[in-house]
Amino acid sequence: LGTQRILGWLGAHARGAGLPSTMKPTSLRPTRRCWCSVPAACSRSPRAGPSTAPQTLHTPSKRFPALVSHNTTTWPSVFCSNAARCLSTRSAASSGDEDAMANSFTVTTPLYYANASPHMGSAYPTMAADALARYYRLRGREVKFVTGTDEHGEKIAMSAESRGLSPSEHVDKMSAEFRDLWSALDVEYDAFVRTTSDSHKELVRGVIERVWENGDIYKDRYEGHYCVGCEEYKAEGDMLEGNVCPIHQTVCETRSEENYFFRLSRYQNELEEVFRTNPDFVMPEARRNEVVGWVEGGLKDFS
């Protein structure tokens, strides 16, 4: 029922309901139209100059407030071949590699953490992503809908131990629960990623090797306050009095370890330039401002 309602909402917008006349798809002719709120930044837009069009599909809260959550992990990530991540479509058949890329649409849910069974917070974004995928398939786009489970972490090892299982046995059961639920909800994904699978390990190994060869990985020692629930070290300003994690309300452990670090600080200037030259690289605007503020605050290497 939830998927049907979301799909119905998208369908209404596809027919032009509530859209400015300049954004309504009025004919099927060999032109490319963009549904992005800033079409001047989209390589497929037939228009030029600044746009005054409202953010109809990027921020659907005005028409369907329940679709937008305060938590970024509960709304699927939407990408097209344009780096601006606009929701775009075109009405003509394509040919060649560039046109094939322009016709592609990828949507991914979070890779759900396999420390416990799926719940409403994991079902909701998956249903939303499924609705988007179905909508773009109906419009003739080449759709790739990805979901899956994140099966690494200290919390998973602790959950497995509490159930008397090995970590591999535990994540096998949890992953199966997610797939069973998506089947029951008639979610039609194209790929289910398990971070313990051989194919995923091979992909990660290839990425890490390229990063290593680029000189972006180094070994160092780190000491700080670690939250097991968040699986991250907390800065002094990120904790409550007594070194308590504000999210899990538990005291962060003091840990010292030798580990490998990624030189994120090396890309300070490059990332600032990306956001300056691509104002809609992250959407919606509230999330963009959050990320830009974090970057401008000074990037630190992380383990």
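Just so we're clear, the structure is a prediction, and the values are computed from it rather than from any experiment.

Caption draft 1: Highlighting the overall build of the protein chain. When its secondary structure is counted, the protein chain shows eight helices and nine strands. When burial is assessed residue by residue, the protein chain has 36% of its 303 residues classed as buried. Sequence separation of at least 24 residues holds for 69% of the intrachain contacts in the protein chain that already meet a minimum separation of 6. Total accessible area on the protein chain is roughly 17,300 Å²; 53% of this is exposed by carbon and sulfur atoms.

Caption draft 2: Representation of the packing of helix 4 (residues 154-162) against helix 5 (residues 167-184). Taken N-terminus to C-terminus, the directions of helix 4 and helix 5 make an angle of 95°; their axes are 9 Å apart at the nearest point. As far as their axial angle goes, helix 5 and helix 4 are roughly perpendicular. In this structure, helix 4 uses I156, S159 and A160 to contact helix 5, whose residues at the interface are P167, H170 and V171. Split into classes, the residues belonging to the contact of helix 4 with helix 5 amount to four nonpolar, two polar and no charged.

Caption draft 3: Examining the sheet that holds strand 8 (residues 232-234) more closely. The strand order 8-7-9 describes an open sheet built from three strands, whose pairing is antiparallel. For this open sheet the edge positions go to strand 8 and strand 9 (253-262), each flanked by a neighbour on one side alone. Averaged over neighbouring strand pairs, the angle between their axes works out to 45° when direction is ignored. By the bridge criterion, three bridges tie strand 7 (residues 217-227) to strand 8 in an arrangement that is antiparallel. The residue bridging H225 from the neighbouring strand is K234, located in strand 8.

Caption draft 4: Highlighting the environment of R179. Here R179 lies in helix 5. R179 sits in the partly exposed class, given a relative accessible area of 30%. Beyond its immediate sequence surroundings of up to four residues, R179 is in contact with Y189, F192 and R194.

Caption draft 5: Layout of the pairing of strand 4 (residues 104-113). Taken together, the eight bridges between strand 4 and strand 5 (residues 142-150) define a ladder with parallel strand orientation. The residue of strand 5 that forms the bridge with T108 is V146. Tracing the backbone out of strand 4, into helix 3 (residues 120-138) and back to the parallel element strand 5 gives a crossover that is right-handed.

Caption draft 6: Geometry of the packing of helix 3 against helix 5. Relative orientation of the contacting elements helix 3 and helix 5 amounts to 50°, with a least axis distance of 11 Å. Classified by the angle between their axes, helix 3 and helix 5 sit oblique to one another. Between helix 3 and helix 5 lies a crossing whose hand is right-handed. Two secondary-structure elements touch here, helix 3 through S122, A123 and T126 and helix 5 through F178, L181 and W182.

Conventions and cut-offs
Residues numbered from 1 in each chain as written. Predicted model: local features only at pLDDT ≥ 70, side-chain atom pairs only at ≥ 80, totals over all residues. Heavy atoms only, no water. Helix = DSSP H or I, 4+ residues; strand = E, 2+ residues; numbered from the N terminus. Buried < 20%, exposed > 50% of the residue type's maximum accessible area, 1.4 Å probe, protein only. Contact = heavy atoms within 4.5 Å. Areas by Shrake-Rupley, 256 points an atom, 1.4 Å probe, with all protein chains shown as cover. Axes fitted to C-alpha atoms, helices over the stretch in contact; angles between N-to-C directions. Parallel < 35°, antiparallel > 145°, perpendicular 65-115°, else oblique. Nonpolar A, V, L, I, M, F, W, Y, C, P; charged D, E, K, R; others polar. Pairing = 2+ DSSP bridges. Right-handed = clockwise from strand over helix to strand, strands pointing away. Left-handed = near helix turned anticlockwise from the far one by under 90°.

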